[in-house]
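A look at the structure
Listed below are the residues making up each chain.
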Amino acid sequence: MANPEMMQQIKTGAGFIAALDQSGGSTPKALKGFGIGEDAYSNEEEMFALIHQMRQRIITSPSFGNGKVIGAILFEKTMDGEADGKPVPTLLWDRGVVPFLKVDKGLEDEADGVQMMKPMPGLDELLERAKAKGVFGTKMRSVIAMASSSGIAANVTQQFKVANQIIDHGLMPIVEPEISLKSPERAAADAILKDELTKSLDALPEDRQVMLKLSIPVEPGLYDSIVAHPRVARVVALSGGFSQDEACAELAKNTGMIASFSRALLQDLRQDMDDAEFDRTLGAAIDKIHRASTEKV
């Protein structure tokens, strides 16, 4: 990996990773939650300009640089943007936050109980550009809706194939096969996913590691063996539609997992807050999520 200091922070840091990578269909929802309706923009360019302003306000807020946020996942346009006159990845690392990049291009339609990732044309070029900007790793998301053994196996196989391509470029991949909170078969899907992840991790060469971003399991501690696997640098949890309180309560039951929350981090922030109120609100969320990541029940 390009930066041993970043690697050490990600593997052992007492904190969590902020997910600031909303894109495409999730951006209007994120803006609405921030207090910006769809009448505030008339095209995609204006929409992304507004979401960049929101993210810029978050990452430059004093509480974001207090050492409790150890990493942040960025959307491509955010990686290419600036904040406080600096490229965003540079600013983040200056504040002690390791930058990651979302690289997937969205989801295929559901088949066999899962949604696979769409093709990623130009991934090699994107990875080299990200590396040149000081990005440490990447994230890619697929979704599991049902406890389909064949579907989950295909989903994990696809994730690890792309993960190896990312490692070839000297970056750390975050593999994210999300199990939907809406699934009527969550517990069974958790168990199948654990088995498939173990197989793929066992097959990795000794000189390769990945990170995993997983839905919080129904059974606390289910992923303990995954956390301890020598091919795993860190396991982070997604909030997946849980409220902040729910996500923190569930995460705190799972030793070794830290948060990588999006909605649960940002849910109480509004654009019309003054800077002091904005920072207090963000700081309170960071404190709560940090506790759930570091103080287990």
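Please refer to the structure higher up on the page.
Cut-offs and rules
- Residues numbered from 1 in each chain as written.
- Predicted model: local features only at pLDDT ≥ 70, side-chain atom pairs only at ≥ 80, totals over all residues.
- Heavy atoms only, no water.
- Helix = DSSP H or I, 4+ residues; strand = E, 2+ residues; numbered from the N terminus.
- Contact = heavy atoms within 4.5 Å.
- Buried < 20%, exposed > 50% of the residue type's maximum accessible area, 1.4 Å probe, protein only.
- Core = buried A, V, L, I, M, F, W, Y, C linked by side-chain atoms within 4.5 Å.
- Axes fitted to C-alpha atoms, helices over the stretch in contact; angles between N-to-C directions.
- Parallel < 35°, antiparallel > 145°, perpendicular 65-115°, else oblique.
- Left-handed = near helix turned anticlockwise from the far one by under 90°.
- Nonpolar A, V, L, I, M, F, W, Y, C, P; charged D, E, K, R; others polar.

**Description of the side chain of Thr138**
Mapped onto the fold, Thr138 is located in strand S7 (residues 137-144). The contacts of Thr138, once residues within four sequence positions are left out, are Phe100, Leu101, Val103, Leu127, Ile166, Leu171, Met172, Pro173 and Ile174.

**Considering the environment of Gly151**
Among the secondary structure elements, Gly151 is positioned in helix H7 (residues 149-168). With relative accessibility at 1%, the residue Gly151 sits in the buried group. Taking C-alpha positions, Gly151 is 8.6 Å from Gln115, a pair spaced 36 residues apart along the chain.

**Some words on unusual backbone geometry**
Positive phi, normally seen in glycine, also occurs at Asp84, with a value near 55°. Positive phi values are uncommon outside glycine, yet Asp112 reaches one of about 55°. Looking at the element boundaries, Asp112 is found in the loop between strand S5 (98-102) and strand S6 (114-115). Relative accessible area serves as the criterion here: at 45%, Asp112 is assigned to the partly exposed category.

**Some details on the nonpolar core**
Core analysis: the largest hydrophobic core is formed by 81 residues, its most contacted members being Phe64, Leu212 and Leu265. When near neighbours in sequence (up to four residues on either side) are disregarded, Leu212 contacts Phe160, Ile174, Val175, Leu197, Leu201, Ile226, Val232, Arg234, Val235 and Val236. The next biggest cluster of nonpolar side chains, apart from the first, holds 15 residues, and it includes Ile17, Ile73, Ile174 and Met211.

**Some remarks on the packing of helix H6 (residues 123-132) against H7**
The contact between H6 and H7 brings their axes to 10 Å, and the two run at 45°. It follows that H6 is oblique to H7 by the angle criterion. When the axes of H6 and H7 are compared, the crossing they make is right-handed. For the pair formed by H6 and H7, the contact residues are Leu123, Asp124 and Leu127 on the first element and Val162, Gln165 and Ile166 on the second. Here the contact of H6 with H7 is built from residues that sort into four nonpolar, one polar and one charged.

Spatial relationships are all this shows, so hold off on functional conclusions.
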